[in-house]
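What the coordinates show
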Amino acid sequence: MDRDAPETRPGAAEDWPDRIYDLLKLHSIRQVALVPDAGHSRLIRRCLADNTMKVVTLTTEEEGVAMLAGAWLGGDRGVLLMQSSGVGNCINMLSLSHIHRTPMPMIVTMRGDFGEFNPAQISMGNATQAVLEAMGTLVKRADTPEDIAPTVDATIRMAFNTFRPTATLIGQRIIGAKTFGKD
């Protein structure tokens, strides 16, 4: 790991963000709600460059739950991109998806996971899957680059086939541990 790099993210040879983008297109995802995240940076750039996708930068992640419910009611499919620390912000709003049987696919990059340096990220990182599942979300985890595309594909399919929230958790081993120069 380069000690001078502020963080690590997928390199040019790691094409999993491109495979996620291809899946968004395959599943007719037209709205992308997100809070900026280095782990999703390449995917975000791909979505921003696509004139058929509406990308909305949120001030907080729970806004994405409401946005995707509105997208669904308006006839569009959407996805919520966020970091695990933002999952805690969504918990109360996820009841909206259950009450109205609204598909809610989420792709979550993990913090507080493998190699984390920031103690403030540990609690939510360890609780993310359990908290989502407690709110009725179907959760699958990808811990290798090869697992990402089939896991995201399953997550999107389950959301739109079961009309409920679903999530793929992308492990920190894949996205790299942020260090901000602290090793």
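Details of the structure are given in the entry above.
Computed from a predicted structure; not experimentally measured.

Observations regarding the nonpolar core
With 25 residues, the main nonpolar core has Ile 20, Leu 24, Val 32, Leu 81, Ile 148 and Ile 170 as its most contacted residues. For this core, the secondary-structure elements that each account for two or more residues are α1 (16-26), β1 (29-34), α2 (41-48), β3 (77-83), α7 (145-162) and α8 (172-175). Those residues in contact with Ile 170 that lie beyond four places of it in its chain are Trp 16, Ile 20, Ile 107, Val 108, Thr 109, Met 110, Ala 142, Ile 148 and Ile 175. Core analysis: the next-biggest nonpolar cluster, separate from the first, contains 21 residues, Leu 58, Leu 80, Cys 90 and Ile 91 among them.

Observations concerning the packing of aromatic side chains
Applying the stated rule across the entire model yields 2 aromatic pairs. Both rings, one in Trp 72 and one in Phe 160, keep their centres 5.6 Å apart while their planes meet at 40°; by these two values the pair is tilted. Of this pair, Trp 72 sits in helix α3 (residues 62-73) while Phe 160 sits in helix α7; the two residues are 88 residues apart in sequence, bridging distant segments of the chain. The partly exposed category is assigned to Trp 72, whose relative accessible area is 28%. Three or more aromatic residues joined by ring pairs make a cluster, and in this case those are Trp 72, Phe 160 and Phe 163. Looking at Arg 77, its charged tip hangs above the ring of Phe 160, at a distance of 4.0 Å from the centre.

Structural notes on the packing of α1 against α2
Viewed as axis vectors pointing N to C, α1 and α2 meet at an angle of 40°, and their least axial separation amounts to 8 Å. Comparing the axis directions of α1 and α2 gives the class oblique. When the axes of α1 and α2 are compared, the crossing they make is right-handed. Residue-level inspection shows Pro 17, Asp 18, Ile 20, Tyr 21, Asp 22 and Leu 24 of α1 in contact with α2, the latter providing Arg 42, Leu 43, Arg 46 and Cys 47.

Details of the side chain of Ser 41
For Ser 41, the location among the structural elements is in helix α2. Under the relative-accessibility criterion, Ser 41 is labelled buried at 15%. Here the side chain of Ser 41 touches Ala 38 through a polar contact of 2.9 Å, landing on its backbone oxygen.

Rules used throughout
- Residues numbered from 1 in each chain as written.
- Predicted model: local features only at pLDDT ≥ 70, side-chain atom pairs only at ≥ 80, totals over all residues.
- Heavy atoms only, no water.
- Core = buried A, V, L, I, M, F, W, Y, C linked by side-chain atoms within 4.5 Å.
- Buried < 20%, exposed > 50% of the residue type's maximum accessible area, 1.4 Å probe, protein only.
- Helix = DSSP H or I, 4+ residues; strand = E, 2+ residues; numbered from the N terminus.
- Contact = heavy atoms within 4.5 Å.
- Phe/Tyr/Trp six-rings, centres within 6.5 Å; stacked < 30°, edge-to-face > 60°.
- Lys NZ or Arg CZ within 6 Å of the ring centre and 35° of its normal.
- Axes fitted to C-alpha atoms, helices over the stretch in contact; angles between N-to-C directions.
- Parallel < 35°, antiparallel > 145°, perpendicular 65-115°, else oblique.
- Left-handed = near helix turned anticlockwise from the far one by under 90°.
- Polar contact = N/O pair within 3.5 Å; in protein donor to acceptor, adjacent residues only side chain to side chain.

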